[in-house]
Amino acid sequence: MNKAYITTPIYYVNDVPHIGHAYTTIIADTMARYYRLKGFNTFFLTGTDEHGQKIEEAAKLRGRSPQEYADEISGKFRALWDVFDISYDKFIRTTDEDHKIGVQKAFQTMFDKGDIYKGEYEGHYCVSCETFFTQTQLIDETNCPDCGKPTTLLKEESYFFKLSKYQEKLLKWYQDDAKCVLPVGKKNEVISFVKQGLHDLSITRTSFNWGIKLPKEIGDDRHVMYVWLDALLNYITALGYGKEEENISFWPANIQLVGKDILRFHAIYWPAFLMSLDLPLPQHIAAHGWWTRNGEKMSKSKGNVVNPKEVADAYGLENFRYFMLREVPFGQDGDFSQKALIDRINSDLGNEFGNLLNRIIGMSGKYSDFHITSKNVQALHVKELDEALALLDGIELKLCDMQTNRYLEDLWKVLSIANNAITIHEPWNKIKNGDTQGALAVVGLVANLLAKVSILVSPIMPQTASKIADALGFEINTQNYEKFILAQTLLDDFIIKKVPPLFPKIEEELMNTPEPQATLKTKTETVKEKIIDESIITIDQFFQTKLKVGTIIEAQAVANSQKLLQLQVDIGEETPRQIVAGIKEYYAPEDLLNTQVCVVANLKPAKIMGLVSQGMLLAAKDNDGLSLIRPENKKKSGASIG
Ligand code: ME8
């Protein structure tokens, strides 16, 4: 029996699932359902990535142990996939005991082979991406080239994997196996990266604890494994690698779905680890693009993250699945909007798909007491039938190449043939003219095309497809896939069942501007997450605040206020700025004259006790009182700070 092994990335437990995670998982689920439909023995793996500094820090900020925290978020991923009817066969967690054993075995195997050695690492580490970068890769000398956050210079003892040793072998793989990385454009990016030269990879850490220990035999328990080594190995430990290898025959994977952000890890490190372990390489590493919101990357701090559960609740899970796979060419970025989703539901699904079923229910009800026959379809509609079969003939290759949107476009071309047949052949006129056979043949043609489309759309919209098949008197299963798709057989005569419209028209947006994650989290969690997100800013964000040196040229108390002083501060502009500052308890006005201060110069002016304040002074406060922050030596008024 043919086998198929499909994987998603395992998701970090520092964040609850969002639309991007749902996208990857839905494509993988589609592929798993497709292979099951074809009768392949299929294994579909997903799960959560729970070790590493990022998770340790996220847990600490919430006052939880990493394990407790991982349990909770991992549970949220699993719960969402269950609600979404994701047909995974295994949900792996990197904190699973079996996984740890497998990872240690892999480490030992690579070590025994001479592919791991001990050295010292010095590099710029981005905790958010759990990745080291060289100085030349950084943006503005300090920031991570992937996420823009500041990196930390780390120097520590580390074990290294001899990645450089595999450079030529990797290049040969990319060259020999045309579709090892999909889409092919992305493969070219990987090739140019590898051609620049691969450095050996630091694969252990001593600076934190939350990770898998090295095997006992190595005798070095200060180190834990680098989270990416640990995580990538999940794809084989899930099959039992290192323990009871009951499912190992599923390896190599057929399709490993990833987002473009983690392609490098999957198309370079992962095959190199596999080469070192003498295991075969995956057939396809398939990298999709980003979902954005109004063209911007989604992030919690921007509050523009789309909650997939909310979308599915509002618009229907399968409509959402269809939208995601149809709207964006695989590999490219796509922008989420309710308008685009509604258009797809009303037009593609309602008008072009669901309506066809209603029309043949209506027509067959009038013409033949709901009896539908394939008799005369071949004889009277050979052209339409051939055209449709020709489209269906090449269609599966598109899905296997992950061109989900083109796969669906072709299925919809088949639906157009059916819709056009009704318009052109006007069965109601045939009935009027006494050509009942002709009218029934049109209905029969449409029913057959609808049946074939429902089978092939079933991996994407399983429930909807089953409802249509049920109305058309058959079940979606491998046997019928072979009969109606591979053998191109027509439907046996049947009585169509009446079903209510499958895609009721949507008149208006059904979600308020989503503040999506709030539903999945408690209020306290949200606040704490905000703190984590907002505690780190990029250098660009920092420079959005214009800080200037100012010289106080006038100072007086504000009448009726115990706290406020009214200051005139020269910050090198034509006229001084009036600043109202709450420093009366700490400074006498006369002591401030001609002293220098640090001014936030681009604050929106505010009215304080009726006085306009055009800036803010920087000050430090503790139990001993308040001190203004001032330049160490006198500076020109208006000198910029930063
Ligand atoms: O990277 N659009 O986990 P992660 C589309 N643990 N897809 C998106 C997305 C978006 N806006 N945001 C996230 C990790 N994704 C590692 C993986 S695998 C051995 C270890 C999807 O939680 C996309 O698939 O950051 C991306 O690759 C994945 O989520 C990253 O998930």
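Look above for the structure.
Residues numbered from 1 in each chain as written. Predicted model: local features only at pLDDT ≥ 70, side-chain atom pairs only at ≥ 80, totals over all residues. Heavy atoms only, no water.

## Some details on the overall build of the chain
For the chain, the count of helices and strands is 22 helices and 28 strands. The dimensions of the chain, computed from C-alpha atoms along their principal axes, are 105 × 70 × 40 Å. Looking at the chain as a whole, 54% of its 642 residues qualify as buried. Total accessible area on the chain is roughly 28,500 Å²; 49% of this is exposed by carbon and sulfur atoms. Taking the 73 positively charged and 84 negatively charged side chains of the chain as two groups, their mean positions are separated by 2 Å. (Helix = DSSP H or I, 4+ residues; strand = E, 2+ residues; numbered from the N terminus. Buried < 20%, exposed > 50% of the residue type's maximum accessible area, 1.4 Å probe, protein only. Areas by Shrake-Rupley, 256 points an atom, 1.4 Å probe, with all protein chains shown as cover. Lys, Arg positive; Asp, Glu negative; His and termini not counted. Charge placed at Lys NZ, Arg CZ, Asp CG, Glu CD.)

## Some details on the pairing of strand S21 (residues 577-581)
Taken across its five residues, S21 has five buried, putting it largely inside the fold. Residues Arg-577, Ile-579 and Ala-581 point to one face of S21 and Gln-578 and Val-580 to the other, with burial holding for every one of them. By the bridge criterion, five bridges tie strand S20 (residues 565-570) to S21 in an arrangement that is antiparallel. Paired with Leu-565 across the two strands is Ala-581, which belongs to S21. Linking S20 back to S21 in an antiparallel pair, the connection comprises six residues, with Gly-572 at a positive phi of about 80°. (Pairing = 2+ DSSP bridges.)

## A word on helix H4 (residues 97-112)
Under the 1.5 Å per step criterion, the end-to-end length of H4 is 23 Å for 16 residues, consistent within 8% with the ideal 22 Å. Among all positions of H4, only His-99, Gly-102, Val-103, Ala-106, Phe-107, Gln-108 and Met-110 are buried. Looking one or two residues past H4, Gly-114 carries a phi angle of roughly 90°, positive in sign. (Expected span 1.5 Å × (residues − 1).)

## Overview of the sheet that holds strand S14 (residues 291-293)
With respect to topology, three strands assemble into an open sheet ordered S15-S14-S16, the strand pairing being mixed. Edge positions in the sheet fall to strand S15 (296-297) and strand S16 (334-335), since each has one partner strand and no second. Pairing of S14 with S16 involves two bridges; the strand directions are parallel. Looking at the pairing, Trp-291 lines up with Gly-334 of S16.

## Some details on a nonpolar patch on the surface
Taken together, the side chains of Ile-539, Phe-542 and Phe-543 make up a nonpolar region of the molecular surface, amounting to roughly 240 Å² of accessible area. Assignment of secondary structure puts Phe-542 in helix H21 (residues 539-543). What makes Phe-542 partly exposed here is its relative accessible area of 37%. (Patch = residues over 30% accessible without salt bridge, like charges linked within 9 Å, V, L, I, M, F, W, Y side chains within 5 Å. Salt bridge = Lys/Arg side-chain N within 4 Å of Asp/Glu carboxyl O.)

## A short note on the sheet that holds strand S9 (residues 201-202)
In space, the four strands of this open sheet follow the order S6-S5-S7-S9, with antiparallel pairing throughout. The two strands at the open ends of the sheet, each matched to only one other strand, are strand S6 (131-133) and S9. Relative to S6, strand S5 (residues 116-126) runs antiparallel, the two sharing three bridges. Considered in S6, the bridge of Tyr-125 is made with Phe-132.

## So, the packing of aromatic side chains
Summed over the entire model, instances satisfying the criterion amount to 29 aromatic pairs. Ring geometry for Tyr-35 and Phe-40: centres 5.1 Å apart, planes at 40°, overall tilted. Each member of the pair, Tyr-35 as well as Phe-40, carries the same accessibility label: buried. Clustering of aromatic rings is evident, with ring pairs tying together Tyr-5, Phe-43, Tyr-235, Phe-250, Trp-251 and Trp-270. The ring of Tyr-241 has Lys-105 sitting right over it, with the charged end atom 4.8 Å from the ring centre. (Phe/Tyr/Trp six-rings, centres within 6.5 Å; stacked < 30°, edge-to-face > 60°. Lys NZ or Arg CZ within 6 Å of the ring centre and 35° of its normal.)

## What about the site of the ligand?
Lining the immediate surroundings of the ligand are 21 residues, of which Ile-10, Thr-24, Asp-49, Trp-290 and Trp-291 lie closest. At 3.4 Å, a backbone N or O of Gly-20 approaches a nitrogen atom of the ligand. Here the ligand has 670 Å² of accessible area as a free molecule, and 93% of this is covered by the chains. For the shell around the ligand, the elements supplying multiple residues, two or more each, are strand S2 (11-12), helix H1 (19-37) and helix H7 (227-232). Partitioning the shell around the ligand into residue classes produces 11 nonpolar, eight polar and two charged. (Near = heavy atom within 4 Å. Polar contact = N/O pair within 3.5 Å; in protein donor to acceptor, adjacent residues only side chain to side chain. Nonpolar A, V, L, I, M, F, W, Y, C, P; charged D, E, K, R; others polar.)

## A few points about helix H11 (residues 317-327)
In terms of residue burial, H11 counts as a mostly covered element, since nine of its 11 residues are buried. Here H11 has its buried residues at Glu-318, Asn-319, Phe-320, Arg-321, Tyr-322, Phe-323, Met-324, Leu-325 and Arg-326. Along its buried surface, H11 packs onto H1, S14, helix H10 (308-315), helix H12 (338-368), helix H15 (404-425) and helix H18 (462-471). (Contact = heavy atoms within 4.5 Å.)

## Side note on the environment of Asp-177
Relative to the assigned elements, Asp-177 resides in the loop between helix H5 (167-176) and strand S8 (181-182). Taking relative accessible area as the criterion, Asp-177 reaches 28% and is therefore assigned partly exposed. Expressed as a C-alpha distance, the spacing of Asp-177 and Gln-283, which sit 106 residues apart in the sequence, is 8.5 Å. Ignoring anything within four residues of it in the chain, the contact list for Asp-177 reads Lys-187 and Gln-283.

## Let's talk about the side chain of His-124
Of note, His-124 is situated in strand S5. Looking at His-124, its side chain comes within polar contact range of the side chain of Gln-135, at 2.9 Å. Setting aside residues no more than four positions away along its own chain, His-124 makes contact with Thr-131, Phe-132, Phe-133, Thr-134, Gln-135, Leu-138, Thr-151, Thr-152 and Leu-153.

## Digging into the environment of Ile-641
In this structure, Ile-641 sits in strand S28 (residues 640-641). In this structure the C-alpha to C-alpha distance between Ile-641 and Asp-410, which are 231 residues apart in sequence, comes to 60 Å. With residues up to four places along the chain from it excluded, the contact list for Ile-641 reads Leu-547, Lys-548, Val-549 and Cys-598.

## Description of the pairing of S20
With respect to burial, S20 is a largely interior element, five of its six residues being buried. Sheet topology places strand S19 (residues 547-557) next to S20; six bridges connect them, and they run antiparallel. In the strand pairing of S20, Gln-556 is matched with Gln-566.

## Things to note about the pattern of salt bridges
What the rule picks out here adds up to 33 salt bridges. With a shortest N-O distance of 2.5 Å, Asp-115 and Lys-165 are connected by a salt bridge. Remark: Lys-165 occurs in the loop between strand S7 (152-161) and H5 and Asp-115 occurs in the loop between H4 and S5; sequence separation between them is 50 residues. Classification of Asp-115 by relative accessible area gives buried; the value is 0%. One salt-bridge network, in which partners are shared between bridges, spans Asp-29, Arg-33, Asp-85 and Arg-321.

## Points about the packing of helix H17 (residues 436-457) against helix H19 (residues 478-486)
It is the contact of H17 with H19, at a shortest axis distance of 10 Å, that shows an interaxial angle of 130°. The angle between H17 and H19 falls in the class oblique. Note that H17 runs across H19; the crossing there is left-handed. The segment H17 lies against H19, with Lys-452, Ile-455 and Leu-456 engaging Asn-480, Tyr-481, Phe-484 and Ile-485. Looking at the contact of H17 with H19 residue by residue, the class counts come to five nonpolar, one polar and one charged. (Axes fitted to C-alpha atoms, helices over the stretch in contact; angles between N-to-C directions. Parallel < 35°, antiparallel > 145°, perpendicular 65-115°, else oblique. Left-handed = near helix turned anticlockwise from the far one by under 90°.)

Everything listed here is a matter of coordinates, which is why it stays silent on function.
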